[in-house]
Amino acid sequence: MTDQPTAPSPPMFGTLAVIGPGLIGSSILRRARRDGTIAARLVACDIDPAVRQRVAELGIADRVEADPLRAAADADCVILCVPVGAIASVGARILPAMKPGAILSEVGSTKQSIIAAIAPALRPDIPFVPTHPMAGTEYSGPDAGFATLFDDRWCLLTPLEDTDPAATARIETMWHHLGARTRVMDPAHHDRVCAIVSHLPHLLAFTICGTADDLADETRSEVLDFAASGFRDFTRIAASDPVMWRDIFLNNREALLEMLARFMEDAQAMARAIRWGDEDFIVDRIERGRRIRRSLIENRQA
Ligand SMILES: NC(=O)c1ccc[n+]([C@@H]2O[C@H](COP(=O)([O-])OP(=O)(O)OC[C@H]3O[C@@H](n4cnc5c(N)ncnc54)[C@H](O)[C@@H]3O)[C@@H](O)[C@H]2O)c1
Ligand SMILES: O=C(O)C(=O)C[C@]1(C(=O)O)C=C[C@@H](O)C=C1
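Reading the values: the criteria
Residues numbered from 1 in each chain as written. Chains lettered and ligands numbered in written order. Predicted model: local features only at pLDDT ≥ 70, side-chain atom pairs only at ≥ 80, totals over all residues. Heavy atoms only, no water. Salt bridge = Lys/Arg side-chain N within 4 Å of Asp/Glu carboxyl O. Helix = DSSP H or I, 4+ residues; strand = E, 2+ residues; numbered from the N terminus. Buried < 20%, exposed > 50% of the residue type's maximum accessible area, 1.4 Å probe, protein only. Right-handed = clockwise from strand over helix to strand, strands pointing away. Pairing = 2+ DSSP bridges. Near = heavy atom within 4 Å. Polar contact = N/O pair within 3.5 Å; in protein donor to acceptor, adjacent residues only side chain to side chain. Areas by Shrake-Rupley, 256 points an atom, 1.4 Å probe, with all protein chains shown as cover. Nonpolar A, V, L, I, M, F, W, Y, C, P; charged D, E, K, R; others polar. Domains from an automatic or database assignment. Contact = heavy atoms within 4.5 Å. Buried area = accessible area lost by both parts, 1.4 Å probe.

Caption draft 1: Looking closely at the pattern of salt bridges. Overall, the coordinates contain 13 salt bridges when judged by the stated rule. The salt bridge partner of Arg63 is Asp74, with a shortest N-O separation of 3.1 Å. Of this pair, Arg63 sits in strand β3 (residues 63-65) while Asp74 sits in the loop between α3 (68-73) and β4 (77-80), and the two are 11 residues apart along the sequence. For Asp74, a relative accessible area of 33% corresponds to the partly exposed category. A salt bridge links Glu258 to Arg192; the shortest N-O distance between them is 2.4 Å. Highlighted residues: Glu258 in helix α10 (residues 253-275) and Arg192 in helix α7 (residues 187-219), separated in sequence by 66 residues.

This is how it looks when you write it as structure tokens:
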């Protein structure tokens, strides 16, 4: 018996609209364009005319719109890829224009405040599936995106209690096509996890750069000229977009402040060990850091 050739399955969505084709949005468009299994037609929409022009030049969307209502009207799935502080307002604006049965999703770095702010505008016939790809760089804008950004990275999904499970499953499948692994979790848990593994490290990076810069000013010396790779690793993170990180910090206030307080207690314990020459404590802390780094490398996360 010979194998019958199997017909290629149709794309998951007829039209996929990405609102905010910056680093994350343009990476979704690039992968969807290359993959072909996600959507038959790609629409991009941005508030910034320069971004719209660049997306058109890059050829990563079939249509580029200035008006989010026009972008959303015929879409089978809309993904909001704008800064956290704009997600709920853009979502509330486009929801009345969306087709019944279409899926609304977003990629914001925080979850609880977005869900609370958009809740009054949600429609029973439009499933809402919040997501958060744990992938990125310190760069922004459509030129910063790339098709492999999500490969082997986690994408966290935080559906609402009444989100249609079939819609959550479709968005999970879409993220698998985008290259990611997925995990469904509760929004409050998401915000605590991201506060420690993403938001606090950024806060520390912004702060340490400021402290070193102040010191350079005060001492009129060239401290920053001598920064080797340790300090440089912090500056990579500290180069991230100010609007994006302002929104993240203000929208994950409680969890971030909780993690910062815990961090300061632990830093205080290290300070005490240094003051009293507690070698075992110091070595134990450093060994923990090494173990974590090694396990991330083994799991291809670093
Ligand atoms: N950068 C990361 O590492 C990363 C990772 C995961 C999730 N996120 C989240 O993804 C989202 C986008 O981040 P990014 O890094 O791609 O940002 P980006 O700055 O590269 O892109 C955001 C785009 O949204 C557009 N925009 C802003 N307000 C708009 C509005 N009201 N209507 C239409 N377009 C608007 C901007 O012009 C810009 O082109 C944020 O919510 C961020 O928290 C970022
Ligand atoms: O790699 C980086 O530069 C990132 O900042 C990516 C990073 C992170 O902290 O890991 C930043 C914010 C996101 O919400 C998810 C991922």
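Caption draft 2: Representation of the pairing of strand β2 (residues 39-45). Summarising burial for β2: five of the seven residues are buried, a large majority. In the classification by handedness, the crossover that spans strand β1 (residues 13-19), the intervening helix α1 (residues 23-35) and the parallel β2 is right-handed. Where β2 and β3 come together, three bridges link them in parallel fashion. By the bridge assignment for β3, Val43 is matched with Arg63. Tracing the backbone out of β2, into helix α2 (residues 49-58) and back to the parallel element β3 gives a crossover that is right-handed.

Caption draft 3: Structural view of unusual backbone geometry. With phi around 60 degrees, Asp152 is a residue other than glycine that occupies positive phi space. Following the sequence through the fold, Asp152 ends up in the loop between β6 (128-133) and β7 (154-157).

Caption draft 4: Spatial organisation of the site of ligand 1. Residues in contact with ligand 1 amount to 26 residues; listed here are only the nearest, Leu23, Asp46, Val82, Ser109 and Gly141. One nitrogen or oxygen atom from the main chain of Gly141 is found 2.8 Å from an oxygen atom belonging to ligand 1. Within the complex, 86% of the 840 Å² of free accessible area of ligand 1 lies under protein. At the level of secondary structure, the elements contributing two or more residues to the shell around ligand 1 comprise α1, α4 (84-94) and β6. In terms of residue count, the dominant contributor to the shell around ligand 1 is α4 (three residues). Grouping the constituent residues of the shell around ligand 1 by class yields 15 nonpolar, nine polar and two charged.

Caption draft 5: Representation of the domain arrangement of the protein chain. Assigned domains within the protein chain: domain 1 (13-185) and domain 2 (190-298). Domain 1 and domain 2 are separated by 31 Å when their C-alpha centres are compared. With 17 residues of domain 1 at the contact, the number on the domain 2 side is 16 residues. Summing both sides of the interface, domain 1 and domain 2 together bury roughly 1,300 Å²; the carbon and sulfur share of this comes to 61%. Area buried by domain 1 at its contact with domain 2 is led by Ser109, Thr110 and Glu138, which between them contribute 38% of it. Our count for the contact surface shared by domain 1 and domain 2 stands at one salt bridge. Elements supplying a minimum of two residues to the side of domain 1 that touches domain 2: α4 and α5 (112-118). The greatest single-element share of the side of domain 1 that touches domain 2, amounting to three residues, is contributed by α4. Here the side of domain 1 that touches domain 2 is built from residues that sort into six nonpolar, nine polar and two charged.

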